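# Notes for the structure review
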Amino acid sequence: MSTLVLVGTQWGDEGKGKTTDYLAARADMVVRYQGGNNAGHTVVVGDREFRMRLVPSGVFHGKDCVIGNGVVLDPSVLVQELDYLAGHGVAVDRIWVSGGAHVILPYHIRLDQLEEERRGPYRLGTTGRGIGPAYADKAARIGIRFSELLNPTVFPAKLRINLEEKNHLLQAVYGASGFDEQEVLDQYLAYADRLRPLAADTSLLINRAIDRGDKVLFEGAQGTLLDLDHGTYPYVTSSHPVAGGACIGAGVGPTRINRVLGVVKAYTSRVGDGPFPTELPGPEGDWIRERGQEYGTITRRPRRCGWLDTVIVRYAARLSGVTDLAVTRLDILAGLERVRISTAYRLDNSLVTEFPLDGADFAACEPVYEDLPGWTATGEPLGLADLPAAARAYLERVEELCDLPVAVVSLGRERGQTLELCDLFAAGTACAAKPSRL
Ligand code: IMP
């Protein structure tokens, strides 16, 4: 059995897209298990940059790509993405969508935006893509699944019932306009015709692939601190980016997961509102943002930037049973005289080493920093030994503080700018090649 779940250990944008693309070269199947087109992955292939929202990054290697039942699917975005990929010569004939994935409808998007406006100072800073309202309908059992969209009898009937309620809500509560039933129906039936060939029992596909011994990579979207249950609620998304989300969102049992790779950006960023202890609101944060081009892949919103916070990485590792770490964007920090890592927090004069569950406590936490010498450039190393000593020392300290081995180091946007320190698809529990053992 060779299965690997890849999770973001921070607030998303850790470089999961690049890491997935890199590992997908050796995988047989890549699976998305939660979220929707709130995610944005940038993948650089040769001199081309692809911005992806729904289709797993494995598509660039011609692998089976699965959109699992845990995903919320905006069919217009999927159709656009398929056209975009095909237009750039990328084969799109091995993409499968679970019949259980819930469909984002136009009223979800409008409600997402109106709800944000209504919240005023308590807004969440959502991506405005209808994600929260679609998951809310799923939990309320009034959502429409992809298999139902494809059914010409069920879809019109369910749409009618939902539109009665949603149009009333839009008009009476928000004073906004509602949607014309026939227009939505025509538009969505056209999507249904286009997407019908992609529908599959994806849990069966994935489990059969695992039975055959195929290498299956589960690609989490967003990050642990945006998890609905475990993140910085309410400033979270409405799904489960933690590794356990892969079981529910893909239909595989926990005993079928070998390893969990936690992706850690060498610094921290956050889009949207909510507490962020190591945030650098001044020129240092601006420096990281500009150097790292930390702007939303899809929304282009500037990301808030700050130092690496190992309290949250340790918390993420605990929640997902992370076995190995991938440290990304180490190159971005090059050029600083000193770099800082938060090892703990100070809260009301006591030292806190574990992530505080209470939102108000977390918001009041002050980071406790450890300073390390900076490095000038990471260059194009062939192995860890070629990295500047200070960059290696930084990685070693991350390993010590998180008590996990670093298995992958990413030093640039291109596939070649990656150091893989052990075979993550190999059996066994963790990577042995720690930088400290060099
Ligand atoms: P939603 O997922 O659009 O409901 O947004 C909820 C929160 O999650 C907001 O703070 C968003 O900025 C954040 N978010 C959603 N998707 C991503 C992502 O892919 N990367 C980083 N933040 C995200």
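This section reports on the structure supplied with the text. Please read all numbers here as calculations on a predicted model, not as lab measurements. (Residues numbered from 1 in each chain as written. Predicted model: local features only at pLDDT ≥ 70, side-chain atom pairs only at ≥ 80, totals over all residues. Heavy atoms only, no water.)

### Considering the pairing of strand β2 (residues 29-32)
- Because side chains alternate across β2, one face comprises the buried residues M29 and V31, and the other comprises V30 and R32, equally buried.
- Pairing between β2 and strand β5 (residues 64-67): 4 bridges, direction parallel. Across the sheet, residue V30 finds its bridge partner in β5, namely C65. (Buried < 20%, exposed > 50% of the residue type's maximum accessible area, 1.4 Å probe, protein only. Helix = DSSP H or I, 4+ residues; strand = E, 2+ residues; numbered from the N terminus. Pairing = 2+ DSSP bridges.)

### With respect to the sheet that holds strand β1 (residues 2-8)
- The 10 strands lie next to each other as β9-β7-β5-β2-β10-β1-β11-β15-β19-β20, forming an open sheet whose pairing is mixed. Bordering the open sheet on either side are β9 (199-200) and β20 (418-420), each of which pairs with just one other strand.
- Here strand β19 (residues 406-410) runs beside β20; their pairing, made up of 3 bridges, is antiparallel. Note on β20: the bridge partner recorded for V409 is L419.

### Looking at the side chain of D331
- Considering the arrangement of structural elements, one finds D331 in the loop between β15 (324-328) and β16 (338-347).
- Buried charge without a partner: D331 forms no salt bridge, and the closest opposite charge is R329, 5.4 Å away.
- Leave out the neighbours within four places in its chain, and D331 touches R291, T378, S410, L411 and G412. (Lys, Arg positive; Asp, Glu negative; His and termini not counted. Salt bridge = Lys/Arg side-chain N within 4 Å of Asp/Glu carboxyl O. Contact = heavy atoms within 4.5 Å.)

### Brief notes about the nonpolar core
- Judged by nonpolar contacts, the single largest core of 55 residues is most densely connected at I206, F218, L330 and Y394.
- If we ignore the near neighbours within four places in the chain, the residues touching F218 are T3, L4, V5, L6, V31, Y33, I206, A246, A250, V252 and I257.
- Membership of the second largest hydrophobic core comes to 42 residues, among which are I67, L73, V97 and F155. (Core = buried A, V, L, I, M, F, W, Y, C linked by side-chain atoms within 4.5 Å.)

### Description of the pattern of salt bridges
- Throughout the structure, instances matching the rule amount to 30 salt bridges.
- With a closest N to O distance of 2.8 Å, E14 and K16 form a salt bridge. The same class applies to E14 as to K16, namely buried.
- Taken together, the salt bridges that share partners define one network made up of D13, K265, E294, R303 and R329.

These values are about where atoms sit, not about what they do.
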